[in-house]
Amino acid sequence: MRFEPPSDPRQNRVCIDLTTTDLLGRRPDGQWIVFVEDLPILPIPKCVEVTKEFIAIDGWLFPLPYVTRSLLVWLQQTFIRWSKEDDSEKNKEWINGLVKAFEDGVAGKL
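Just so you know, these numbers come straight off a predicted model, no measurement behind them. (Residues numbered from 1 in each chain as written. Predicted model: local features only at pLDDT ≥ 70, side-chain atom pairs only at ≥ 80, totals over all residues. Heavy atoms only, no water.)

Some details on the overall build of the protein chain
Our working rule: In this description a helix means any DSSP run of H or I spanning at least four residues, a strand means any run of E spanning at least two, and both kinds are numbered starting from the N terminus. Between buried and exposed lies partly exposed: a residue is buried under 20% and exposed over 50% of the maximum accessible area for its type, with that area taken using a 1.4 Å probe on protein chains only. Should any heavy atoms of two residues lie within 4.5 Å, those residues are counted as being in contact.
Regarding its fold elements, the protein chain presents 2 helices and 5 strands. Walking the protein chain from its N terminus toward its C terminus, one meets helices and strands in the order β-β-β-β-β-α-α. Buried residues in the protein chain amount to 28% of all 110 residues. In the protein chain, of all internal contacts separated by at least 6 residues, the share reaching a separation of at least 24 is 47%.

So, the pairing of strand E5 (residues 60–63)
Going by this rule: Following DSSP output, two strands are said to pair if at least two bridges run between them.
Inspection of the sheet shows strand E4 (residues 54–57) paired to E5 by 4 bridges, in the antiparallel sense. Within E5, the residue paired with Phe54 across the bridge is Pro63. Between E4 and E5, which pair antiparallel one after the other, the connecting turn spans 2 residues, and Asp58 there sits at a positive phi close to 45°.

Thoughts on the environment of Leu64
Relative to the assigned elements, Leu64 resides in the loop between E5 and helix H1 (69–85). Look at Leu64 and you get buried, because its relative accessible area is 3%. A C-alpha to C-alpha distance of 4.9 Å links Leu64 and Phe54, two positions 10 residues apart in sequence. If sequence neighbours within four positions are ignored, Leu64 has contacts with Val50, Thr51, Lys52, Glu53, Phe54, Ile55, Phe102, Gly105 and Val106.

Let's talk about the confidence of the model for the protein chain
Convention followed: Values of pLDDT, ranging from 0 to 100, describe the predictor's confidence in every residue of the model.
Per-residue confidence for the protein chain gives a mean pLDDT of 83, with 81% of residues at or over 70. Within the model, pLDDT remains below 50 along residues 1–18, and this stretch shows 5 contacts once partners closer than five positions in the same chain are excluded.

Description of the packing of aromatic side chains
Threshold: Between 30 and 60 degrees the pair is tilted, below 30 it is stacked and above 60 it is edge-to-face, where a pair is any two Phe, Tyr or Trp rings, Trp via its six-membered ring, whose centres lie within 6.5 Å. Definition used: whenever NZ (Lys) or CZ (Arg) falls within 6 Å of the ring centre and also within 35 degrees of the ring normal, the charge is taken to sit over that ring.
Per the stated rule, a full pass over the model turns up 3 aromatic pairs. Judged by centre distance (4.8 Å) and plane angle (40°), the rings of Phe62 and Trp74 are tilted. With Phe62 in strand E5 and Trp74 in helix H1, this residue pair connects regions lying 12 residues apart in the sequence. Take Phe62 and Trp74: they sit in the same class, and that class is buried. Centre to centre, the rings of Phe79 and Trp82 are 5.7 Å apart; their planes meet at 50°, and the pair counts as tilted. You can see Phe79 and its partner Trp82 sitting in helix H1, 3 residues apart, about one turn around the helix. In textbook terms, an aromatic cluster arises when at least three aromatic residues are bridged by ring pairs, as seen for Phe79, Trp82 and Trp94. The ring of Trp32 is capped by Arg26, whose NZ or CZ atom sits 5.5 Å from the centre of that ring.

Laid out in structure tokens, this is it:
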């Protein structure tokens, strides 16, 4: 006996044209983040890398050449939350350094 799915799963798939979509980032599993609702709530990271191409936070990649307002708001909220989670002077200095590196990356100074 053969069972057919009730509908073609391809019909329910959302196709995204990556050439015309403002990508917010990429998850550690390689999936693209297209919608602001899919941006993660990240704990204070173990590893952050900032270049003129991207900011990487524990394997999450966020492109800097195409920074959107949504990404900026999310980053601001993330940095503020991190500073509240650990209000030590050392953590505040680290976050300020991260913000400066982010600004330099966006400006292409790195």
